[in-house]
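# Residue-level structural notes
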Amino acid sequence: MDKEKGRGRGKGFIAEFKKFITRGNVLDMAVGVIVGGAFTSIVTSLNQDILTPILGIFGGTDFSYLTVTLGNGENAPVLNYGNFITAIINFLITALVIFCLIKGINAIGEKVKKKEAPTAAPATKKCPYCRSEVAIEATRCPHCTSYLEEAADSSVQA
């Protein structure tokens, strides 16, 4: 009997896992990670193949080859701080590009939102006698039974 309960839990767990993995946001996240990996390789190539050599002209050296040897001999540890500088530049370029993309997407979204949301005419009005919400086409208030046309005429005269 315990084995049957265990199987039931296993099937429930697997079904729950399938439900989790097939939800849209999980799939979107997986696509984002894959595209992010490809984007990272593009930014790394931009930095290593284009920007670092250009910066090397002004600084006199390529960052990726900057090292400090700690100690003497063949087995002395080497700090590759040039690679670290290159990684920082990669990060800053990636962050800048993502910032610009998100800023552009948000600006486009705001323009679309402004175009999509025209100001709609009000669907209701307030009764001047009982202050209840009444349909805009109404000529008589359903709450206090006052004639709304007369109220509008008398308010214009007053």
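Residues numbered from 1 in each chain as written. Predicted model: local features only at pLDDT ≥ 70, side-chain atom pairs only at ≥ 80, totals over all residues. Heavy atoms only, no water.

It is worth spelling out the confidence of the model for the protein chain at this point. Per-residue confidence for the protein chain gives a mean pLDDT of 77; residues scoring 70 or more make up 81%. The least confident element of the protein chain, judged by mean pLDDT, is helix H4 (residues 148–157) at 52; the most confident is strand E2 (residues 78–79) at 88. For the stretch residues 151–158, pLDDT sits under 50, and the model shows 2 contacts to residues farther than four places along the chain or on other chains. (pLDDT = per-residue confidence, 0-100. Helix = DSSP H or I, 4+ residues; strand = E, 2+ residues; numbered from the N terminus. Contact = heavy atoms within 4.5 Å.)

A few words on helix H3 (residues 81–116). With 36 residues, H3 should reach 52 Å at 1.5 Å per residue; the first-to-last C-alpha distance of 52 Å fits that figure. When H3 is considered as a whole, its buried residues turn out to be Gly82, Thr86, Ile89, Asn90, Ile93 and Thr94. (Expected span 1.5 Å × (residues − 1). Buried < 20%, exposed > 50% of the residue type's maximum accessible area, 1.4 Å probe, protein only.)

This paragraph deals with the pattern of salt bridges. Enumeration over the complete set of coordinates arrives at 1 salt bridge. Here Glu133 ties to Lys126 by a salt bridge, and the two come within 3.9 Å at their closest N and O atoms. (Salt bridge = Lys/Arg side-chain N within 4 Å of Asp/Glu carboxyl O.)

What follows covers the side chain of Ser146. If you trace the backbone, Ser146 turns up in the loop between strand E4 (133–135) and H4. Residue Ser146 is classed as buried on the basis of its relative accessible area of 19%. If we skip the residues at most four places from it in the chain, Ser146 touches Tyr129, Thr139, Arg140 and Cys141.

What follows covers the nonpolar core. Counting 5 residues, the largest nonpolar core consists of Cys127, Val134, Ala138, Cys141 and Leu148. Dropping the residues within four chain positions of it, Ala138 is found in contact with Lys125 and Leu148. (Core = buried A, V, L, I, M, F, W, Y, C linked by side-chain atoms within 4.5 Å.)

Phi angles above zero are rare outside glycine, and Arg131 is one such case at about 65°. Relative to the elements of secondary structure, Arg131 occurs in the loop between strand E3 (124–126) and E4. One non-glycine residue, Thr145, lies in the positive phi region at around 60°. Along the chain, Thr145 falls in the loop between E4 and H4.

With that settled, the discussion passes to the packing of aromatic side chains. Considering all chains together, one arrives at 0 aromatic pairs under this definition. One cation-aromatic arrangement involves Arg140 over Tyr147; the distance from NZ or CZ to the ring centre is 4.3 Å. (Phe/Tyr/Trp six-rings, centres within 6.5 Å; stacked < 30°, edge-to-face > 60°. Lys NZ or Arg CZ within 6 Å of the ring centre and 35° of its normal.)

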